[in-house]
Amino acid sequence: MTVTQPDNVRVFRSLHTPHEPLALANAWDVASARVIEAAGTSAIATTSAGLAWSLGCPDGDVLTRERALEVIGRVVGAVAVPVTADIEGGYGKDAAGVAETVAGVLAAGAAGVNIEDGGRPPAELATRVAAARQVADRAGTDLFLNARIDTYLLGLGVPETRLKETLSRAHMYVDAGADGIFVPGITDTATIAALATEISVPLNVMAGPGAPTVAELGALGVARVSLGSGVAQAAYAAARRSAEVLFGTGGYDSLAEGMAFPEINALFPELH
């Protein structure tokens, strides 16, 4: 049976539940997406940082829309589960540019997108979110639009008012059409619980070493847990470690934990 983009959107939306949060190990190319899918994921999320690095670009709105959309399309075509695409600030200079990017994401068959505010004024991201929502509505799709708030990740403002500012942005983005709110950079359980309580749409947080487990985050009200660029960083750390051992001691033990060649090769029988 062929799985359509509307089917994937419906499935993807249904996965956002606090009692059993959607856990996403972010991919950056077809190979990483297939490996993650084979591990048993319910959906694939791309990492814009990992995707940019794999194409020789730094993270931070440097990668071109065309190159990003090409990879997103290849990932969507390579997996059977829904894909949500991280599009940084929208790969556009203004709302019209973001609308063009989202149209491309829809054409690629993705079920969701992430758009981040970064250092932009909140009102600017709200305008971008609204433009993205309008494109999806005109296309007749219920694309899951996740708005990322970088107050904690980038340490914006003073700590004493950061929660209030984050909630203010969240409400603004939801009013503009966001279906979910992503707040990376927090591990404090009281703050996470406050965000989950005060935000009316599914809350997404980014996890890593030292963060509460997926189950613990779900108990706090979190509906989605992402690893962000962490998987890509770990993969590149493994490459560096193998090179350092080879060039240092001349040994190869760092390769012992690698996936077996036949196992990886078997992930691509029908891809061209």
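Refer to the structure printed above.
Residues numbered from 1 in each chain as written. Predicted model: local features only at pLDDT ≥ 70, side-chain atom pairs only at ≥ 80, totals over all residues. Heavy atoms only, no water.

A. Focus on the overall build of the protein chain. The helix and strand tally for the protein chain stands at eleven helices and eight strands. Relative to a compact globule of 272 residues, whose C-alpha radius of gyration would be 19 Å, the protein chain shows 19 Å and is just as compact. Taking all 272 residues of the protein chain together, the buried fraction comes to 49%. Across the protein chain, 18 positive and 30 negative side-chain charges occur, with their mean positions spaced 4 Å apart. (Helix = DSSP H or I, 4+ residues; strand = E, 2+ residues; numbered from the N terminus. Rg over C-alpha atoms; globule rule 2.2 N^0.38 Å. Buried < 20%, exposed > 50% of the residue type's maximum accessible area, 1.4 Å probe, protein only. Lys, Arg positive; Asp, Glu negative; His and termini not counted. Charge placed at Lys NZ, Arg CZ, Asp CG, Glu CD.)

B. Looking closely at the sheet that holds strand β5 (residues 144-148). One open sheet holds the eight strands; their spatial order is β1-β8-β7-β6-β5-β4-β3-β2, and the pairing between them is parallel. Looking at strand neighbours, the two that pair on one side only are β1 (22-24) and β2 (44-45), the edges of this open sheet. As defined by bridge partners, β1 adjoins strand β8 (residues 224-226) across three bridges and the pair is classed as parallel. Among the inter-strand pairings, Leu-24 is bridged to a residue of β8, identified as Ser-226. (Pairing = 2+ DSSP bridges.)

C. Just helix α5 (residues 95-108), in detail. A rise of 1.5 Å per residue sets the reference length of α5, with its 14 residues, at 20 Å; its end C-alpha atoms lie 20 Å apart and thus fit the reference within 8%. Taken residue by residue, α5 has Gly-97, Val-98, Ala-99, Thr-101, Val-102, Gly-104, Val-105, Leu-106 and Ala-108 as its buried positions. Those residues of α5 that are buried are in contact with α1 (5-14), α4 (65-78), β3 (83-86), β4 (112-116) and α6 (122-138). Immediately beyond the C-terminal end of α5, within one or two residues, lies Gly-109, with a positive phi of roughly 95°. (Expected span 1.5 Å × (residues − 1). Contact = heavy atoms within 4.5 Å.)

D. Local environment of the nonpolar core. Judged by nonpolar contacts, the single largest core of 60 residues is most densely connected at Ile-44, Ile-87, Ile-181 and Leu-203. Take this core: its biggest share by element is seven residues, from α6. Residues contacting Leu-203, with those up to four places away along its chain left out, are Ile-181, Val-183, Ile-192, Leu-195, Ala-196, Val-222, Ala-223 and Arg-224. Formed by nine residues, the second largest nonpolar core is a distinct cluster that contains Val-9, Phe-12, Ala-111 and Phe-144. (Core = buried A, V, L, I, M, F, W, Y, C linked by side-chain atoms within 4.5 Å.)

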